[in-house]
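Chains, contacts and geometry: an overview
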Amino acid sequence: MKKIIAGFIFMLIAICAHAQKDVTQFLGIPVDGSKYAMIQKLKTKGFKTNPSNKDVLNGRFNGMDVNVFVGTNGDKVCRIMVCDANPVDERSIQIRFNNLCRQFENNSKYISLGNELIPDDEDISYEMLINKKRYEAIFYQQPAELSDTTLLRERLMPRVLEKYTAEELANKTEDIQQDLIKMGVEYMMELYSKKPVWFMISNNYGKYYITMFYDNEYNRANGEDL
């Protein structure tokens with residue numbers, strides 16, 4: 001029995017190690033790979049190189065003129081940053097921010113843990129300048145694993161078998177059952193945390209624009225260079 005369980009654990013760990021990571025996507029393109037390859041893929045979506053800066057792409061996104069930047073960690077893409085090309089006044093940015101929040105909330109590809117809309121009477125310039133307030137909202141792209149319960153169980157099983165024996169799982173107590181539920185929720189939140197998409201209001205000499213970030217947390221620096 002122990003040899004069977006050990007072999008089963010080894011097999012599942014191998015599956016997890018070699019499976020392609022489910023990463024954040026921008027316009028259906030995985031935020032991954034080399035910067036050059038990413039730029040070429042973005043060009044197929046209609047973006048064009050900025051005449052004055054070859055590292056910046058110009059184009060249309062979600063109905064707006066934008067500038068797109070590709071962020072890397074080493075030789076891997078870890079972020080796509082999208083900035084409105086045309087700054088607007090305070091009232092316009094309040095409307096734009098709230099509309100974006102609603103669009104993300106109504107998009108089934110995303111989940112939100114709670115974001116606040118900006119009230120109509122909010123003095124954005126005062127709050128940003130005097131109170132140093134950051135207007136931002138964060139959402140998470142739905143992990144592909146969560147749509148496949150069989151795959152989810154396979155990915156979670158090594159963690160479960162590190163803590164409980166096959167005999168304990170066959171005769172689960174109420175405490176074990178609750179712990180398994182907790183482990184499942186924690187794993188799901190871990191998957192979500194790797195695929196954040198967030199945006200904020202940026203200020204440029206009294207004019208405002210939205211900056212959006214599509215992050216691949218698998219490729220972000222994690223202290224490995226320290």
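The structure reproduced in this document is the subject of the present report. Not measured: the values here are computed from a predicted model.

1. Observations regarding the side chain of Gln94
Its place among the elements puts Gln94 in helix 3 (residues 90-105). Within the local environment of Gln94, its side chain forms a polar contact with the side chain of Arg91, the two groups lying 2.4 Å apart.

2. Concerning the packing of aromatic side chains
In this structure the tally under the stated criterion is 10 aromatic pairs. Plain terms: the ring middles of Phe26 and Phe47 are 6.4 Å apart, the flat faces sit at 35° to each other, and that makes the pair tilted. Taken together, the residues Phe26 in strand 1 (residues 25-26) and Phe47 in the loop between helix 2 (35-44) and strand 3 (48-50) connect sequence positions 21 residues apart. Comparing Phe26 with Phe47 shows no difference in burial state: the two are buried. A ring pair is formed by Phe104 and Tyr110, whose centres lie 4.8 Å apart and whose planes are at 80°; its orientation type is edge-to-face. The pair Phe104 / Tyr110 is uniform in exposure class, with both members buried.

3. A short note on the pairing of strand 6 (residues 76-84)
Where strand 5 (residues 64-73) meets strand 6, eight bridges bridge the pair, whose relative direction is antiparallel. Note that in strand 6 the partner of Phe69 across the bridge is Met81. If you look at the hairpin formed by strand 5 and strand 6, you'll find two residues sitting between the two strands, and Gly74 has a positive phi there, around 70°.

4. A look at the nonpolar core
With 34 residues, the main nonpolar core has Leu42, Ile80, Phe199 and Tyr214 as its most contacted residues. It is helix 3 that contributes the most residues to this core, five residues altogether. The residues touching Phe199, leaving out its near neighbours within four places in the chain, are Phe97, Leu100, Cys101, Phe104, Tyr135, Glu136, Ala137, Phe139, Ile210, Thr211 and Met212. Among the nonpolar cores identified, the runner-up in size contains 11 residues, and Leu169, Ile176, Tyr187 and Leu191 belong to it.

Reading the values: rules and limits
Residues numbered from 1 in each chain as written. Predicted model: local features only at pLDDT ≥ 70, side-chain atom pairs only at ≥ 80, totals over all residues. Heavy atoms only, no water. Helix = DSSP H or I, 4+ residues; strand = E, 2+ residues; numbered from the N terminus. Polar contact = N/O pair within 3.5 Å; in protein donor to acceptor, adjacent residues only side chain to side chain. Phe/Tyr/Trp six-rings, centres within 6.5 Å; stacked < 30°, edge-to-face > 60°. Buried < 20%, exposed > 50% of the residue type's maximum accessible area, 1.4 Å probe, protein only. Pairing = 2+ DSSP bridges. Core = buried A, V, L, I, M, F, W, Y, C linked by side-chain atoms within 4.5 Å. Contact = heavy atoms within 4.5 Å.

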